[in-house]
Amino acid sequence: ADTETEDDLSALADAIASFPRPVLPVGSAGLAGALVNNWRKDQSDEKRQEDELSTEEPSVDHKSVFLLIGSKNIVTASQIECLLANTSARVVPLSEMTANDLDAAITGGHHLVVQVDWLNAERERLDTLIDGIARRRPPGVILAGGDTTELFLSAAKVSTLQLNGELAPGVVCSRLCSGPLEGLTVVTKAGGFGEANTLVDATRQLCAESVGSDDRR
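Calculation rules
Residues numbered from 1 in each chain as written. Predicted model: local features only at pLDDT ≥ 70, side-chain atom pairs only at ≥ 80, totals over all residues. Heavy atoms only, no water. Pairing = 2+ DSSP bridges. Helix = DSSP H or I, 4+ residues; strand = E, 2+ residues; numbered from the N terminus. Core = buried A, V, L, I, M, F, W, Y, C linked by side-chain atoms within 4.5 Å. Buried < 20%, exposed > 50% of the residue type's maximum accessible area, 1.4 Å probe, protein only. Contact = heavy atoms within 4.5 Å. Axes fitted to C-alpha atoms, helices over the stretch in contact; angles between N-to-C directions. Parallel < 35°, antiparallel > 145°, perpendicular 65-115°, else oblique. Left-handed = near helix turned anticlockwise from the far one by under 90°. Nonpolar A, V, L, I, M, F, W, Y, C, P; charged D, E, K, R; others polar.

Enquirer: Would you explain the pairing of strand S5 (residues 161–168) in this entry?
Expert: A regular strand places its side chains so that they alternate between the two faces of the sheet. One ladder, built from six bridges, connects S5 with strand S6 (residues 171–176); its direction is antiparallel. In the sheet register, Gln 162 faces S6, and the bridge partner there is Arg 175. In textbook terms, the turn of a hairpin is the stretch between consecutive antiparallel strands, and for S5 and S6 this stretch comprises two residues, one of which, Gly 170, has a positive phi near 80°.

Enquirer: Looking at this model, I keep getting lost on the nonpolar core. Mind explaining?
Expert: In terms of nonpolar packing, the biggest core is built from 26 residues, with Phe 66, Ile 133, Val 141, Phe 152, Leu 176 and Leu 181 touching the most fellow members. With four residues, the single largest contributor to this core is helix H5 (residues 123–136). In contact with Leu 176, other than residues within four places in its own chain, are Phe 152, Leu 153, Val 158, Thr 160, Leu 161, Leu 181, Glu 182, Gly 183, Leu 184 and Val 186. In this structure, Ile 80, Cys 82, Ala 144 and Cys 173 belong to the second largest nonpolar core, which totals 17 residues.

Enquirer: Is there a simple way to think about the packing of helix H4 (residues 99–108) against H5 in this case?
Expert: The N-to-C vectors of H4 and H5 enclose an angle of 30°; their axes lie 9 Å apart at closest approach. Taken together, H4 and H5 sit at an angle that is classed as roughly parallel. For the pair H4 and H5, the crossing hand works out as right-handed. On H5, the residues that touch Ala 99, Leu 102, Asp 103 and Ile 106 of H4 are Thr 128, Leu 129, Gly 132 and Arg 136. Looking at the contact of H4 with H5 residue by residue, the class counts come to four nonpolar, two polar and two charged.

Printed below as a string of structure tokens:
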């Protein structure tokens with residue numbers, strides 16, 4: 001298809017979204033932007049419908065974000081130092097993490113940084129983490145490192161993510177669309193991406209968006 005204007009791209013994105021079978025779009029960056037806008041619009045419509053139907057009190061805690069850090073990159077290390085210096089956060093290795101650590105983060109109102117050795121990650125610990133996130137429903141989870149992200153998504157049985165946009169260049173915000181954590185917001189970044197305050201900004205934005213979401217209810 002040939003396009004000349006933003007409206008043309010928007011119309012093409014609408015056609016792709018409404019196609020009765022799965023479609024793999026291939027095209028320019030402009031088309032990618034139009035597709036993201038289309039997905040955002042659909043998500044907003046779905047969210048508005050959910051808000052209208054929902055009469056339950058929100059169960060999401062607005063203070064504690066869980067971070068899974070597997071990258072050894074110096075950039076990520078400096079981001080963790082900045083997070084510890086500017087927010088209430090605690091670091092625990094996955095190999096030592098228990099359900100009590102998750103409870104303490106929620107009740108204590110601090111972020112929990114789980115350091116992951118993805119080469120030697122114990123499945124039982126991962127299952128404890130996934131179950132804990134499913135029951136406590138934090139505002140979001142931040143994943144640093146490609147292998148860590150793959151490990152987490154596999155353990156959580158996630159097959160589909162919905163792209164919501166970027167918090168910063170290379171720092172992507174998505175929503176899980178399958179598995180026991182369906183609906184959870186995740187932020188993913190490569191180890192070498194971002195500035196020193198990237199994790200601080202990401203945790204604050206996740207908490208702020210969670211509060212705003214409940215206020216609209």
